[in-house]
Protein chains: 2
Amino acid sequence: MAKIHLNGRLIEEDSARIDPADRGFLLADGLFETLRVYDGQPFMLEAHLTRLAQGAAALGLPMPAAEVIARAARETLAANGFRQASLRITLTRGTGQRGLLPPAEPSPTFLVAGHPLAAPPAELTAQISSIRRNEHSPLSRLKSLAYLDNVLALREAATAGFDEALMLNAAGGLAGGSRSNLFLVLAGELVTPPASEGVLAGIVRRAILDLSREAGIAARETPLALSDIERASEALVCNSLLEIKPLVRVGERRLGAGPVGRELARRYELLTRQA
Amino acid sequence: MAKIHLNGRLIEEDSARIDPADRGFLLADGLFETLRVYDGQPFMLEAHLTRLAQGAAALGLPMPAAEVIARAARETLAANGFRQASLRITLTRGTGQRGLLPPAEPSPTFLVAGHPLAAPPAELTAQISSIRRNEHSPLSRLKSLAYLDNVLALREAATAGFDEALMLNAAGGLAGGSRSNLFLVLAGELVTPPASEGVLAGIVRRAILDLSREAGIAARETPLALSDIERASEALVCNSLLEIKPLVRVGERRLGAGPVGRELARRYELLTRQA
């Protein structure tokens, strides 16, 4: 039986209880992080905890100390014997009085759970979602529990036979995937939309921007239009579990895997081995 | 100790357990309804269940039969002796495999909980929120668990000393309150933005449109601009718990309570007594 970490205690998953009055359950009032575990070690944990802290500050949510979360992560992995796995950290505002207004002094719910790894696909296809991201909300840049738009976008894509949904923002710019950040190679340059376009500050996205500098690949953040996909020589999607994968089809437009994606995936893999 | 209805069983709230792997908790993958209870009877239950069914269809979520939900509501109210109360119905997609994609055959989580009523304010003030509603998502028209934008908008308003947050949509049109629908009286005519503006199909909103017809008050759904608040002779907000209340201030703009709001509130109160 799997063990999970709930509010500082490692317990059997079956006996872990979320209160039906938890605001994470009732109102999506919380945040999460999904990490990849390589050889028993959570990868880039510090970057994930920094992002979680930024989200917690935006929501006005007290957060356990980074060491407490790191210890919970290690204990969860050890108790389940996970070596290659995914790890999810969930932080909610806990219970409160009825209604939308947060309690003055919340007692957050803090959950860490691991999962055996499902191998990611070698390449992905995507369709453009009918659902758009909302760049006029801070949540478009945070990994909050309000994830249902993404769920519906991916469900819509899967029903149509695609692996991922690419989402535009309200202004019609390209924002990214339902669960991934998007990069295009345009005229030899690697480009990805900035956070202001309604884009989550992905950890692998950041790593790609850093790795491209090391590799001498010109890269920058810039708003992208749907028509840029037609002009792209490569398209890449990334997240902690997918890592860096070529997007080989967007709707009817076929793209190949290419040298930029291969080089970045190679360097990222080295990074994961060094950790 | 309060009793709640969870998956068909009436149990002590303390022993009610939401699974930490519930998609309602992890991804806001679910819906809810908030009803007012008058004299032990849930008001306009049928209309709420119709809206819940429409949301469930949009999400691809199986829903318990209306009679099952109605019985759970009655049993919850009776067990707690609630006469004047609020009642929340929550329906989630239950647990599933890790990740965003819904399970092929979900076992929904179905929760009914009542709360003693806090008396609504007689009138409200509001500020314009920095967070906008996303009319490019079906969720802007559904009462989904992805409610964190509304939570943050109301928290921002409360911090600034206001009772409600009015939210624009991405295009800059007036959409409504963080937890209420908005009506304005413009040149003697009652107006409210249509669902296509990113507006929840409120049950009291619908009742107002019907009551205004009976009262001979001209009323229609039409897109509204922020500047329309300057021109309005009255502004009203409504939901099942607030009922129909005058919005007497929006930012620096003061409005009075007026005859249209008073007449609609009077007729709505009659409706609640007849039920």
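Parameters at a glance
- Residues numbered from 1 in each chain as written.
- Chains lettered and ligands numbered in written order.
- Predicted model: local features only at pLDDT ≥ 70, side-chain atom pairs only at ≥ 80, totals over all residues.
- Heavy atoms only, no water.
- Phe/Tyr/Trp six-rings, centres within 6.5 Å; stacked < 30°, edge-to-face > 60°.
- Buried < 20%, exposed > 50% of the residue type's maximum accessible area, 1.4 Å probe, protein only.
- Helix = DSSP H or I, 4+ residues; strand = E, 2+ residues; numbered from the N terminus.
- Lys NZ or Arg CZ within 6 Å of the ring centre and 35° of its normal.
- Least-squares fit on C-alpha atoms with pLDDT ≥ 70 in both.
- Contact = heavy atoms within 4.5 Å.
- Lys, Arg positive; Asp, Glu negative; His and termini not counted.
- Salt bridge = Lys/Arg side-chain N within 4 Å of Asp/Glu carboxyl O.
- Polar contact = N/O pair within 3.5 Å; in protein donor to acceptor, adjacent residues only side chain to side chain.
- Domains from an automatic or database assignment.
- Nonpolar A, V, L, I, M, F, W, Y, C, P; charged D, E, K, R; others polar.

1. Let's talk about the packing of aromatic side chains
Line of reasoning, step 1. Evaluated as defined, the whole model comprises six aromatic pairs over all chains.
Line of reasoning, step 2. Summarising the aromatic geometry, the rings of A:Tyr38 and A:Phe43 are spaced 5.3 Å apart at their centres and angled 90° between planes, so their arrangement reads as edge-to-face.
Line of reasoning, step 3. Residue class for A:Phe43 comes out buried when judged on its relative accessible area of 7%.
Line of reasoning, step 4. A centroid spacing of 5.0 Å and a plane angle of 75° characterise the contact between B:Phe32 and B:Tyr147, whose relative ring orientation is edge-to-face. Taken together, the positions of B:Phe32 in strand E3 (residues 30–38) and B:Tyr147 in the loop between strand E7 (124–128) and helix H4 (148–159) put the pair 115 residues apart, joining distant regions of the chain. Each member of the pair, B:Phe32 as well as B:Tyr147, is classed as buried.
Line of reasoning, step 5. An aromatic cluster is present here, built from A:Tyr38, A:Phe43 and A:Tyr268 joined pairwise through their rings.
Line of reasoning, step 6. Positioned above the aromatic ring of A:Phe32, the side-chain terminus of A:Arg88 is 3.9 Å from the ring centre.

2. Details of the relation of the copies chain A and chain B
Line of reasoning, step 1. The two copies are related by a screw operation: chain A maps onto chain B through 180° of rotation and 0.0 Å of translation along the axis, at an RMSD of 0.0 Å. Between the two chains, the operation in question is that of a two-fold axis.
Line of reasoning, step 2. The fraction of interface residues of chain A whose copies in chain B are also interface residues reaches 100%, indicating that both copies meet through the same surface.

3. Some words on the side chain of A:Arg133
Line of reasoning, step 1. Its place among the elements puts A:Arg133 in the loop between strand E7 (124–128) and helix H4 (148–159).
Line of reasoning, step 2. The buried charged residue A:Arg133 lacks any salt bridge partner; its closest oppositely charged side chain belongs to A:Asp149, at an N-O distance of 7.7 Å.
Line of reasoning, step 3. Of note is the side chain of A:Arg133, whose polar atom sits 2.6 Å from the backbone oxygen of A:Ser140.
Line of reasoning, step 4. Residues within four places of A:Arg133 in sequence aside, it is in contact with A:Ser140, A:Asn150, A:Met167, A:Leu168, A:Asn169, A:Ala170, A:Ala175, A:Gly198, A:Leu200 and B:Asn134.

4. A few points about the domain arrangement of chain A
Residues and elements named next belong to chain A.
Line of reasoning, step 1. Domain assignment breaks chain A into domain 1 (3–116) and domain 2 (124–273).
Line of reasoning, step 2. Taking the mean C-alpha position of each, domain 1 and domain 2 sit 26 Å from one another.
Line of reasoning, step 3. If you look at the interface, domain 1 gives 23 residues, while domain 2 gives 18 residues.
Line of reasoning, step 4. The tally of links from domain 1 across to domain 2 stands at one salt bridge.
Line of reasoning, step 5. A salt bridge links Arg36 to Glu243; the shortest N-O distance between them is 3.6 Å.
Line of reasoning, step 6. The interface formed by domain 1 and domain 2 contains five residue pairs in polar contact (both at pLDDT 80 or more).
Line of reasoning, step 7. Elements represented by at least two residues in the side of domain 1 that touches domain 2 include exactly strand E3 (30–38), helix H2 (45–59) and strand E5 (85–92).
Line of reasoning, step 8. With eight residues, the single largest contributor to the side of domain 1 that touches domain 2 is E3.
Line of reasoning, step 9. Of the residues belonging to the side of domain 1 that touches domain 2, the class tally is ten nonpolar, eight polar and five charged.

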